[in-house]
Amino acid sequence: MRYAPATRRGTVIATLAVVVAGVSAFHRAVPNSPGRMGSLVESFLPWTGAVVVLLLVAALVRRSGVALVALLLPVAIWVQEFGGLLLPPPEPAPGGRELVVVQHNVSDENPDPEGTARALAASGADLIALEELVVPALSAYEDALGVRYPHHAVHGTVGLWSKYPISEDQLADIRPRGIEEGWSRGLRAVVRTPYGEVAAYVAHLPSVRIGAGGLASARRDESARALGALVRAEKVRTVILMGDLNSAVDDRGLAPLTSQLNVAERGFAFSFPTSFPVARIDQVLARSATVGHIRTLPATGSDHLPVAARVTVDATSP
């Protein structure tokens, strides 16, 4: 029996390692047409790490030095892009200007809104943003959250509960063209925190679907552009955006937001679906503030997990 030379073992594995590295490093070069394939790849970029682990196991089984060396490339790229998210959260600085915020799509089919509200209140957050609020359940959230959060604003199906006074609130119009007039999934509120005024946005961008034609995200992208324009025009220096944005922060579809807002520095916080979370589509972004760490909270009656983030307001903010 003839055996391939040792240098040829694992050539396929090595080639796949280079391909994974190329996709990770140059994902912006993946075309978004047809089927918005670029956005689809970017939505699951952290999972390239799982692919690398599988390739590593295969390389060890094949005992291929060539494959193991090739795997150093995607490992280095993954660590550069996502390694920081694995670091433990930093200890809060004494006298720090920190706000804890919770973001949760509570689901319009949630069988236990009272229990969900109590669980969120127990988090001790300063701000709680909710999406998919429906009229039959709204009073349950108002009653359960009202004791600890005396200030709140609701517009359409999104709401904000705050420990601190809300000086103004209004609808944030992020409705894509072609959607009926009653569609209302965005709000803006100005919260008077101990660290100055904060413009708090709560948003629920349109859903996306993955099918034979790729990723259907045109309406979500249009809504993201509208929200990005509102944030760009915002006069209040400090902005915190909380919402179900129906995408990961690496997705170019959210570029109108991520190009001007800070994303979480630590934590993966995969939030959807609850049964097996594979992506963080529930986001906390900020301007003139740092999102130091984001994590998931225990499951509620929703198909999303709540996420909690620590946001440090810049000292230069009024």
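Residues numbered from 1 in each chain as written. Predicted model: local features only at pLDDT ≥ 70, side-chain atom pairs only at ≥ 80, totals over all residues. Heavy atoms only, no water.

Section: the nonpolar core
Thought 1: Ranked by internal contacts, the top residues of the largest apolar core, which has 29 residues, are Leu160, Met242, Val284 and Val311.
Thought 2: At four residues, strand β13 (residues 307–313) tops the list of elements feeding residues into this core.
Thought 3: Among all residues touching valine 311, those that are not within four sequence positions of it are Arg97, Glu98, Leu99, Val101, Ile240, Val284, Ala286, Ala289, Thr290 and Val291.
Thought 4: Membership of the second largest hydrophobic core comes to 20 residues, among which are Val190, Tyr201, Leu205 and Leu254. (Core = buried A, V, L, I, M, F, W, Y, C linked by side-chain atoms within 4.5 Å. Buried < 20%, exposed > 50% of the residue type's maximum accessible area, 1.4 Å probe, protein only. Helix = DSSP H or I, 4+ residues; strand = E, 2+ residues; numbered from the N terminus. Contact = heavy atoms within 4.5 Å.)

What to know about the packing of aromatic side chains
Thought 1: If you walk through the whole model with that rule in mind, you get four aromatic pairs.
Thought 2: For the ring pair tryptophan 78 and phenylalanine 268, a centre distance of 6.3 Å and an interplane angle of 25° mean the geometry is stacked. Of this pair, tryptophan 78 sits in helix α4 (residues 65–82) while phenylalanine 268 sits in the loop between α8 (255–258) and β11 (282–287), and the two are 190 residues apart along the sequence.
Thought 3: Among the residues examined, tryptophan 78 registers a relative accessible area of 18% and is labelled buried.
Thought 4: Its relative accessible area of 18% is what places phenylalanine 268 among the buried residues.
Thought 5: Relative to phenylalanine 270, the ring of phenylalanine 268 has its centre 5.6 Å away and its plane inclined at 55°; by these criteria the two rings are tilted.
Thought 6: An aromatic cluster is defined as three or more aromatic residues linked by ring pairs; in this entry it consists of Trp47, Trp78, Phe82, Phe268 and Phe270. (Phe/Tyr/Trp six-rings, centres within 6.5 Å; stacked < 30°, edge-to-face > 60°.)

What to know about the pairing of strand β1 (residues 98–105)
Thought 1: When you tally the buried positions in β1, you get six out of eight residues, the bulk of the element.
Thought 2: Both β1 and strand β2 (residues 127–131) contribute to a ladder of five bridges, which runs parallel. Counted as the bridge partner of histidine 104 is leucine 130 from β2.
Thought 3: Handedness of the crossover joining β1 and β2 through helix α5 (residues 113–121): right-handed. (Pairing = 2+ DSSP bridges. Right-handed = clockwise from strand over helix to strand, strands pointing away.)

A few points about the packing of helix α1 (residues 11–25) against α4
Helix-helix packing is described using two parameters, namely the angle between the two axes and the distance between the axes.
Thought 1: The N-to-C vectors of α1 and α4 enclose an angle of 15°; their axes lie 8 Å apart at closest approach. Comparing the axis directions of α1 and α4 gives the class roughly parallel. Considering only the axes of α1 and α4, their crossing is left-handed. Of the residues in α4, those touching α1 at Ile13, Ala14, Ala17, Val20, Ala21, Ser24 and Ala25 are Val66, Ala67, Ala70, Leu71, Leu73, Pro74, Ile77 and Glu81.
Thought 2: Residues of the contact of α1 with α4, tallied by class, amount to 13 nonpolar, one polar and one charged. (Axes fitted to C-alpha atoms, helices over the stretch in contact; angles between N-to-C directions. Parallel < 35°, antiparallel > 145°, perpendicular 65-115°, else oblique. Left-handed = near helix turned anticlockwise from the far one by under 90°. Nonpolar A, V, L, I, M, F, W, Y, C, P; charged D, E, K, R; others polar.)

A few points about the packing of α5 against helix α6 (residues 135–146)
Thought 1: At a minimum axis separation of 8 Å, α5 and α6 run at an interaxial angle of 30°. The two elements α5 and α6 cross, and the hand of that crossing is right-handed. Here α5 contributes Pro113, Glu114, Thr116, Ala117, Arg118 and Ala121 to the contact with α6, which in turn contributes Ala137, Ala140, Tyr141, Ala144 and Leu145.

Observations concerning the pattern of salt bridges
Thought 1: Tallied over the entire structure, the rule returns ten salt bridges.
Thought 2: Taking the shortest distance from any N to any O, the salt bridge between arginine 28 and glutamate 42 comes out at 3.2 Å. Remark: glutamate 42 occurs in helix α2 (residues 37–43) and arginine 28 occurs in the loop between α1 and α2; sequence separation between them is 14 residues.
Thought 3: A relative accessible area of 47% places arginine 28 in the partly exposed class.
Thought 4: Under the relative-accessibility criterion, glutamate 42 is labelled buried at 0%.
Thought 5: Among the salt bridges present, the one from arginine 310 reaches glutamate 98, with a minimum N-O distance of 3.3 Å. Pair noted here: arginine 310 is in strand β13 and glutamate 98 is in strand β1, with a separation of 212 residues, a long-range link.
Thought 6: Overall, the relative accessible area of 23% leaves glutamate 98 in the partly exposed class. (Salt bridge = Lys/Arg side-chain N within 4 Å of Asp/Glu carboxyl O.)

Topic: the layout of surface pockets
Over the atoms, a rolled probe matching the size of one water molecule traces out where space is still vacant.
Thought 1: In this structure, the largest pocket spans a volume of roughly 410 Å³.
Thought 2: Around the largest pocket sit 23 residues that line it, and Val208, Arg209, Asn246, Phe272 and Ile281 are the ones nearest its centre.
Thought 3: Tallied by class, residues from the lining of the largest pocket come to ten nonpolar, seven polar and six charged.
Thought 4: Of the volumes computed, that of the second largest pocket is approximately 320 Å³.
Thought 5: Partitioned by chemical class, the residues of the lining of the second largest pocket number 13 nonpolar, three polar and five charged. (1 Å grid on protein atoms, 1.4 Å probe; cavity = no way out; pocket = protein on both sides within 12 Å on 5 of 7 lines; lining within 4 Å. Points joined across faces, edges and corners; volume = space filled by probe spheres on them.)

Overview of the sheet that holds strand β6 (residues 186–193)
Thought 1: With respect to topology, five strands assemble into an open sheet ordered β5-β6-β7-β10-β11, the strand pairing being mixed. Of all strands in the sheet, those with a lone pairing partner are β5 (166–171) and β11, marking the two edges. Taking the axes of each pair of neighbouring strands and ignoring which way they run, one obtains an average angle of 15° across the sheet.
Thought 2: Pairing of β6 with strand β7 (residues 196–204) involves eight bridges; the strand directions are antiparallel. Paired with valine 190 across the strands is alanine 199, a residue of β7.
Thought 3: Set on the sheet, helix α7 (residues 218–233) makes contact with β7, β10 (238–244) and β11; between it and β7 the angle comes to about 175°.

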